[in-house]
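Structural characterization, general
Below, each chain spelled out in residue letters.
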Amino acid sequence: EPIHTAFEVSRPVVSIEPAPLPTVDATPVIKWISSIGAASYELVVIRVGAVTSSYSVSGITSSTHRIATALSPGEYRVWVRSHFSDSSRSVWGPGVRLSIGAAPVVQVVGRTLRWNDVRDATRYEVLIQLEWTPGRYTDVLRTTGQLTAMIDLTTSKGGHYRAWVRAVRDESGTHYTS
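Calculation criteria
- Residues numbered from 1 in each chain as written.
- Predicted model: local features only at pLDDT ≥ 70, side-chain atom pairs only at ≥ 80, totals over all residues.
- Heavy atoms only, no water.
- Helix = DSSP H or I, 4+ residues; strand = E, 2+ residues; numbered from the N terminus.
- Rg over C-alpha atoms; globule rule 2.2 N^0.38 Å.
- Buried < 20%, exposed > 50% of the residue type's maximum accessible area, 1.4 Å probe, protein only.
- Areas by Shrake-Rupley, 256 points an atom, 1.4 Å probe, with all protein chains shown as cover.
- Lys, Arg positive; Asp, Glu negative; His and termini not counted.
- Charge placed at Lys NZ, Arg CZ, Asp CG, Glu CD.
- Polar contact = N/O pair within 3.5 Å; in protein donor to acceptor, adjacent residues only side chain to side chain.
- Contact = heavy atoms within 4.5 Å.
- Salt bridge = Lys/Arg side-chain N within 4 Å of Asp/Glu carboxyl O.
- Pairing = 2+ DSSP bridges.
- Axes fitted to C-alpha atoms, helices over the stretch in contact; angles between N-to-C directions.
- Phe/Tyr/Trp six-rings, centres within 6.5 Å; stacked < 30°, edge-to-face > 60°.
- Lys NZ or Arg CZ within 6 Å of the ring centre and 35° of its normal.

**Observations concerning the overall build of the protein chain**
- Across its full length, the protein chain carries zero helices and 13 strands.
- Counting from the amino terminus, the protein chain carries its helices and strands in the arrangement β-β-β-β-β-β-β-β-β-β-β-β-β.
- Over its C-alpha atoms the protein chain spans a radius of gyration of 23 Å, topping by over 25% the 16 Å that the globule rule assigns to 178 residues.
- Each of the three principal axes of the protein chain carries a C-alpha extent, and together these read 95 × 35 × 25 Å.
- Evaluated residue by residue, the protein chain yields a buried proportion of 37% over its 178 residues.
- On the protein chain, roughly 10,800 Å² of surface is accessible, and the fraction owed to carbon and sulfur atoms is 53%.
- Looking at charge distribution, the protein chain has the averaged site of its 18 positive side-chain charges lying 8 Å from that of its 15 negative ones.

**Here we look at unusual backbone geometry**
- Notably, Ser87 is not glycine yet its phi reads approximately 75°, a positive angle.
- Here Ser87 is to be found in the loop between strand 5 (74-84) and strand 6 (96-100).
- Judged by its relative accessible area of 69%, Ser87 falls in the exposed class.
- Residues other than glycine seldom take positive phi values, yet Asp120 does so here, at roughly 75°.

**Description of the side chain of Thr143**
- Relative to the helices and strands, Thr143 resides in strand 10 (residues 136-146).
- In terms of polar contacts, Thr143 uses its side chain to reach the backbone amide nitrogen of Gly145, at 3.4 Å.
- Contacts of Thr143, omitting those with residues within four sequence positions, involve Tyr124, Glu125 and Val126.

**Side note on the pattern of salt bridges**
- Inspection of every chain in the model, using the stated rule, returns 11 salt bridges.
- For Arg66, the salt bridge is made with Asp25, and the minimal N-O distance between the two is 3.3 Å. Placement of the pair is Arg66 in strand 4 (residues 64-66) and Asp25 in the segment before strand 1 (29-31), with a sequence separation of 41 residues.
- Judged by relative accessible area, which is 3%, Asp25 ranks as buried.
- Salt bridges here are not isolated pairs; linked through shared partners, they connect Asp25, Arg66, Arg169 and Glu171.

**Description of the sheet that holds strand 11 (residues 150-152)**
- The sheet built from three strands is open, its strands ordered 7-8-11 with antiparallel pairing. Sheet topology places strand 7 (106-109) and strand 11 at the edges, where each strand pairs with a single neighbour. In this sheet, neighbouring strand axes are inclined to one another by 20° on average, regardless of whether the strands run parallel or antiparallel.
- Where strand 7 meets strand 8 (residues 112-115), four bridges bridge the pair, whose relative direction is antiparallel. Paired with Val109 across the strands is Thr112, a residue of strand 8.

**A few points about the packing of aromatic side chains**
- Within this structure, the stated rule accounts for two aromatic pairs.
- On the numbers, 5.6 Å between centres and 65° between planes, the contact of Trp115 with Tyr124 is edge-to-face.
- Given the relative accessible area of 6%, Trp115 is considered buried.
- Overall, the relative accessible area of 4% leaves Tyr124 in the buried class.
- A cation over a ring is seen here: Arg162 above Tyr137, with NZ or CZ 3.6 Å from the ring centre.

If you want it as structure tokens, here you go:
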């Protein structure tokens, strides 16, 4: 009697491309390469270190999806798999990292306070304080509508300062921050 064995050939892993960049947008758009013959896709987002999903959706019929529920600032992994009309599906791939609420990196260059642009930020909130006695500070600049990633300090008097910069995304009446 012939020996036989049952087996299944897995569908190819869905490739998320381009990998999402760090963003202040808590509802980013995830894009992937379409699978030939796929009827729909399933997307899962899990916070790094968590065991349950932060966001999941199935039945997506395009190769892009905007996350519909705001994610809290933090580090996540995102996976997509394809579903086919014959009830088969692709396996989950390695996923990609997604950073929400990325903070700007602040530095002083000469007499200019600079920070990197944060993807999807619509503005920056900046606070600069001057130390007027040891351990006591006073605000010298507080702005909530800074649009550029630099502030000229040439008119500031000498002394010890500290600064905070927060990226903000304004979207449909909601404010996402770093």
